[in-house]
Amino acid sequence: MKIMIAEDDSISRRVLQANLTKWGYDIDVAVNGREAFEMITQPSPPSLLISDWMMPLMDGPTLCRAIRGLDITRYIYIILLTTKGEKKDIIHGLEAGADDFLTKPFNQEELKYRIRIGERIINLEHRILLLANTDPLTGIMNRRAFMERLDQEAARAHRDQSHLSFLITDIDHFKRVNDTFGHQVGDLVLQCFSDTLKATIRPYDFLGRYGGEEFVICMPGTTGSQVWTAAERLRKAVEEKEIIHPDTQELISITSSFGTATCTLSCREKTDNLIKRADDALYQAKKEGRNRVVC
Ligand code: GH3
Ligand code: MG
Ligand code: MG
Ligand code: MG
Ligand code: MG
């Protein structure tokens, strides 16, 4: 777990840093509130912040308030360090968004266990986030998580003036798999399909389960002329995959159809429309006989 120390006093800072390192935490250090806030808005912010109250440029309570005003998905647990131990000060700090307090001079062992409280809450949040974002059958991103990521990638593509391709794929005649082998084997086939797609895409592409047997893939930096090759590689991988029936050992083969859409340079297209274009292409692929890619 990463912890940030925001403390203007160099001696206190060094003591904290030494102890936190000894207890096995990753440390970020800021020498005032403003610097702490700037670091928190960068990628990979800390999970927990230990902040001094009185600091130049931005004090502890103002820093708390600024952090709570941010639109961030991960919670940051905040422990305020203060010489101000009066009730009204504590209320002021809590109102600003602090989770806990330690009055200076504080006992280092007490700090250690107060950090543990924060760590339990942060770990709980990570578990909940993982469950909220993961499709339980395949272990890949669920629709909600995928859409959130797709929106981020589309915004980034627009900012960087780069391409972005989107693919939607659907297993052909999947109902037959269920009807022939039963729902449990159907589930296994879905897992194999997902694993095959995952093993075939590049590391910076990402995959999600959109619906029952419909999966979606985003390929950042992939142009309209490259996406056909990529989709074709996926289509072949699925076609060539041999799934073994767990009881009878018979081979189950599947095929899948693909529709793609690409955001060209500087295009401001909404992701909803990108999905619609890919979905129309998928519909076309089904109509033309399945096991094919339509761009
Ligand atoms: P097409 O080639 O036109 O896509 O035909 P299809 O049979 O694949 O399409 P259809 O959409 O008619 O059927 C999809 C089937 O997928 C129906 C549904 O029971 C099944 N399905 C959806 N989710 C799951 C799941 O989680 N597990 C299993 N085993 N089956 C599922
Ligand atoms: Mg200070
Ligand atoms: Mg269908
Ligand atoms: Mg289908
Ligand atoms: Mg379908």
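See the structure printed just above.
Every value quoted in this text rests on a predicted model; they were computed, and no experiment measured them.

**A look at the sheet that holds strand S6 (residues 164-171)**
Logical step 1: Taking strand neighbours across the sheet as the criterion, the five strands line up as S7-S8-S6-S11-S12 in an open arrangement whose pairing is mixed. Sheet topology places strand S7 (206-209) and strand S12 (293-294) at the edges, where each strand pairs with a single neighbour.

**Points about the packing of helix H2 (residues 33-40) against helix H3 (residues 60-68)**
Logical step 1: In contact at an axis separation of 9 Å, H2 and H3 are set at 20° when each is read in the N-to-C sense. One element, H2, and the other, H3, form an angle in the roughly parallel class. Remark: the crossing between H2 and H3 carries right-handed chirality. Of H3, the residues touching H2 (which contributes Gly33, Ala36, Phe37 and Ile40) are Gly60, Thr62, Leu63, Ala66 and Ile67.
Logical step 2: When its residues are assigned to classes, the contact of H2 with H3 shows six nonpolar, three polar and no charged.

**Description of unusual backbone geometry**
Logical step 1: Here the amide bond leading from Lys104 into Pro105 is cis, since omega sits at -5°, within 30 degrees of zero.
Logical step 2: Looking at where Pro105 falls in the secondary structure, it is placed in the loop between strand S5 (100-103) and helix H5 (108-133).
Logical step 3: Unusually for a residue other than glycine, Arg290 sits at a positive phi of about 70°.
Logical step 4: One can find Arg290 in the loop between helix H10 (271-287) and S12.
Logical step 5: Judged by C-beta crowding, with 14 C-beta atoms within 10 Å, Arg290 ranks as partly exposed.
Logical step 6: Phi angles above zero are rare outside glycine, and Asn291 is one such case at about 50°.
Logical step 7: Assignment of secondary structure puts Asn291 in the loop between H10 and S12.

**Observations concerning the site of ligand 1**
Logical step 1: Lining the immediate environment of ligand 1, one finds 16 residues, of which Asp172, Phe174, Lys175, Gly186 and Gly212 sit closest.
Logical step 2: Every element with two or more residues in the shell around ligand 1 is listed here: S6, helix H7 (174-181) and helix H8 (183-200).
Logical step 3: For the shell around ligand 1, the element with the most residues is H8, which contributes four residues.
Logical step 4: The residue makeup of the shell around ligand 1, split by class, is four nonpolar, five polar and seven charged.

Thresholds applied
- One numbering rule holds for all chains: residues counted from 1, following each sequence as written.
- Each chain takes a letter, starting from A, and each ligand takes a number, starting from 1, following the order in which they are written.
- Only residues with pLDDT of at least 70 are given local features in this predicted model, and only at 80 or more are side-chain atom pairs given and counted; all residues enter the totals for whole chains, interfaces and linings.
- Any two strands with at least two DSSP-identified bridges between them are counted as paired.
- Secondary structure elements follow DSSP: runs of H or I no shorter than four residues count as helices, runs of E no shorter than two count as strands, and numbering proceeds from the N terminus.
- Working convention: axes come from line fits to C-alpha atoms, limited for helices to the stretch in contact. Angles between N-to-C directions cover 0 to 180 degrees.
- Note on angle classes: values under 35 degrees are labelled roughly parallel, values over 145 roughly antiparallel, values of 65 to 115 roughly perpendicular, and the remainder oblique.
- A crossing counts as left-handed when the near helix is turned anticlockwise from the far one by less than a right angle, and as right-handed when that turn is clockwise.
- Here, residues touch in the contact sense if the C-beta positions derived from the backbone fall within 7 Å of one another.
- Just so you know the grouping, Ala, Val, Leu, Ile, Met, Phe, Trp, Tyr, Cys and Pro go in nonpolar, Asp, Glu, Lys and Arg go in charged, and all remaining residues, Gly too, go in polar.
- As a rule, residues whose C-beta atom has 12 or fewer other C-beta atoms within 10 Å are exposed, those with 20 or more are buried, and those in between are partly exposed; C-beta atoms are placed from the backbone.
- Working rule for contacts: place C-beta from the backbone, and if it is within 6 Å of a molecule or strand, that residue counts as near it.

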